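Observations on the three-dimensional arrangement
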Amino acid sequence: QQSAEQLYQSGLYKEEVEGELEKAIAIYERILKDFSGNEATAAKALYHIGLCYEKLGKKEAQKAYQRLIDEYPGQRREVALAKERLALLTKALEKVPHKPTFRKLRVPTKLSWVMQLSPDGKKVIFASTSDEKLWMMPLSGKLSSEFPGAPSILNTEDVKADWSGLAWSGDGKWIVFNESNKPEKWKEKKGNQGMYIIPAEGGKPRKVYENYRDARIVNYRMSLSPDGKVLAFSSVESDECHIYTISVDGGLPKQLVDAQAREPVFSPDGKMIAYVDTKNLGRTGGGLWVIPASGGTPNLVANAGNASSPTWSPDGDMIAFLDLDSEQICIIPVGEDGVASGELIKIDITEGTGGIMSLAGWTPDNKIGVVFRSHTEFGLYTLPAKGGKAALVSHGGYPVQPRWSPDGKRIFHTNEIDEGSGDWAQYSLAVVPAEGGKVNTVPIRF
């Protein structure tokens, strides 16, 4: 058995000589567990835990320094050092503007609006609109970090999956999904859609509940408790949308709040549920709220024009959400009691992207997954009749029904009045030189 001082020295070696910060933290944590009565060594270990986290760029550093100040006030040297580091970190955070970087992940397949990061942040789950199957995809492939690995089908046996709502349990062992409900089945099922739970490695799905949620996609988003035992969801009855919880083993749903609400999401410890206001059956919304998972008094933690897609940070002290009115990503600090504990942070989306569809989760290494709407671009091309390379004649707008002029010098087609305007209702007769150039339009309908 090693003494506290021997362990401390081995931790220092891992930290300062080998640079193995995670292993050093594990050694220091062992000192706190096994030698808590040795305050002198425990205080030094806790101080170095803070230093290691600081080198790793993690906010746990502040928590370690504050714990040292609170638990070991008699160790004056370490307390003074911790206060100094804490003050410097706080000052640095105040100066750093909230300008995150965005990294585009190139996925060689068409994605739906809804996809979800696994709790460990290493893969995503999504449902294909074409084959109605669940797909699992690693985020890092063999090509590079920008290209994910090969997607694989998650076996759901004979249950077809809908893309409208997916969620992982916090322990990564379970996934919930909606069964496909094509329009041709609406009369048969009266618009109801089943919610199923399945092991993360695939297997026989088990139906948890079946209900009606109208046509808005946001109404179909749901959440599993960290242990996968409770499902939170929304349901529409008498033209009102409310949120409920239910055991995955069955039983009757429990309504959480009297006000109309949607998109419930469990906190990482399962004690709280975040949700957003809903209006007009999901077409509009309001602010972000938090309520105890067992029920109680809800707290408004952030005002918004139309909040959506709430996502908890892994340590549960922040919630990110979208404000669909301003098209901003918002982050609000939240205390253990479910009350806002800081100012709202607003992040503008990066240039060159389309609108935001949803948030896909928050990874342990502090990255937030965001699903953007990709820009759809159209062009008019010519191709040699004998084969060869295509030539771009015009770009933008919505060129359709191309026809050659008798002399082969021009190409007539229909197009939008203003190229790229996005106004699909106002078409025109258009003509462009066969070798490419300016598109001239003549309005034909207003």
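Everything here concerns the structure above.
Just so it is clear, the structure is predicted and the values come from calculations on it, not from any experiment. (Residues numbered from 1 in each chain as written. Predicted model: local features only at pLDDT ≥ 70, side-chain atom pairs only at ≥ 80, totals over all residues. Heavy atoms only, no water.)

**Comments concerning the environment of Glu263**
Following the sequence through the fold, Glu263 ends up in strand β13 (residues 261-266). What makes Glu263 buried here is its relative accessible area of 1%. Separated by 45 residues in sequence, Glu263 and Val218 have C-alpha atoms that sit 6.7 Å apart. Within the local environment of Glu263, its side chain forms a polar contact with the side chain of Arg262, the two groups lying 2.8 Å apart. A polar atom in the side chain of Glu263 sits 3.1 Å from the side chain of Ser308. (Helix = DSSP H or I, 4+ residues; strand = E, 2+ residues; numbered from the N terminus. Buried < 20%, exposed > 50% of the residue type's maximum accessible area, 1.4 Å probe, protein only. Polar contact = N/O pair within 3.5 Å; in protein donor to acceptor, adjacent residues only side chain to side chain.)

**With respect to the pattern of salt bridges**
A side chain of one charge can pair with a side chain of the opposite charge if their charged atoms are brought near each other. Tallying each qualifying case throughout the model produces 21 salt bridges. Residue Lys207 pairs with Glu210 through a salt bridge whose shortest N-O separation is 2.8 Å. Under the relative-accessibility criterion, Lys207 is labelled partly exposed at 39%. Connected through shared salt-bridge partners, Lys59, Lys63, Asp315 and Asp317 make up one network. (Salt bridge = Lys/Arg side-chain N within 4 Å of Asp/Glu carboxyl O.)

**Focus on the packing of aromatic side chains**
In the structure shown here, the tally under the stated rule is 6 aromatic pairs. Both rings, one in Tyr8 and one in Tyr28, keep their centres 6.2 Å apart while their planes meet at 45°; by these two values the pair is tilted. Taken as a pair, Tyr8 in helix α1 (residues 4-17) and Tyr28 in helix α2 (residues 21-34) lie far apart in primary sequence, 20 residues in all. As far as the burial class goes, Tyr8 and Tyr28 line up, both buried. When the centroid spacing of 5.5 Å and the interplanar angle of 40° are considered together, the rings of Tyr209 and Phe233 count as tilted. Placement of Tyr209 in strand β8 (residues 206-211) and of Phe233 in strand β10 (residues 230-237) is noted, with a sequence separation of 24 residues between them. Assessed through its relative accessible area of 1%, Phe233 is described here as buried. Taken together, the ring pairs in this structure connect Tyr209, Phe233 and Tyr244 into an aromatic cluster. (Phe/Tyr/Trp six-rings, centres within 6.5 Å; stacked < 30°, edge-to-face > 60°.)

**So, the sheet that holds strand β9 (residues 223-224)**
As summarised here, the arrangement of the 4 strands in space is β9-β10-β11-β12, forming an open sheet in which the pairing is antiparallel. A single partner strand is all that each edge strand has here, and the edge strands are β9 and β12 (254-255). Where β10 meets strand β11 (residues 240-247), 8 bridges bridge the pair, whose relative direction is antiparallel. Its bridge partner being in β11, Phe233 is matched across the sheet by Tyr244. (Pairing = 2+ DSSP bridges.)

**Here we look at the packing of α1 against α2**
The N-to-C vectors of α1 and α2 enclose an angle of 165°; their axes lie 8 Å apart at closest approach. When the axes of α1 and α2 are compared, the pair comes out roughly antiparallel. Relative to α2, α1 is oriented so that their crossing is left-handed. Facing Ala4, Leu7, Tyr8, Ser10, Gly11, Leu12, Lys14 and Glu15 of α1, the residues of α2 in contact are Leu21, Lys23, Ala24, Ile27, Tyr28, Arg30 and Ile31. Of the residues contributing to the contact of α1 with α2, the split by class is 9 nonpolar, 2 polar and 4 charged. (Axes fitted to C-alpha atoms, helices over the stretch in contact; angles between N-to-C directions. Parallel < 35°, antiparallel > 145°, perpendicular 65-115°, else oblique. Left-handed = near helix turned anticlockwise from the far one by under 90°. Contact = heavy atoms within 4.5 Å. Nonpolar A, V, L, I, M, F, W, Y, C, P; charged D, E, K, R; others polar.)

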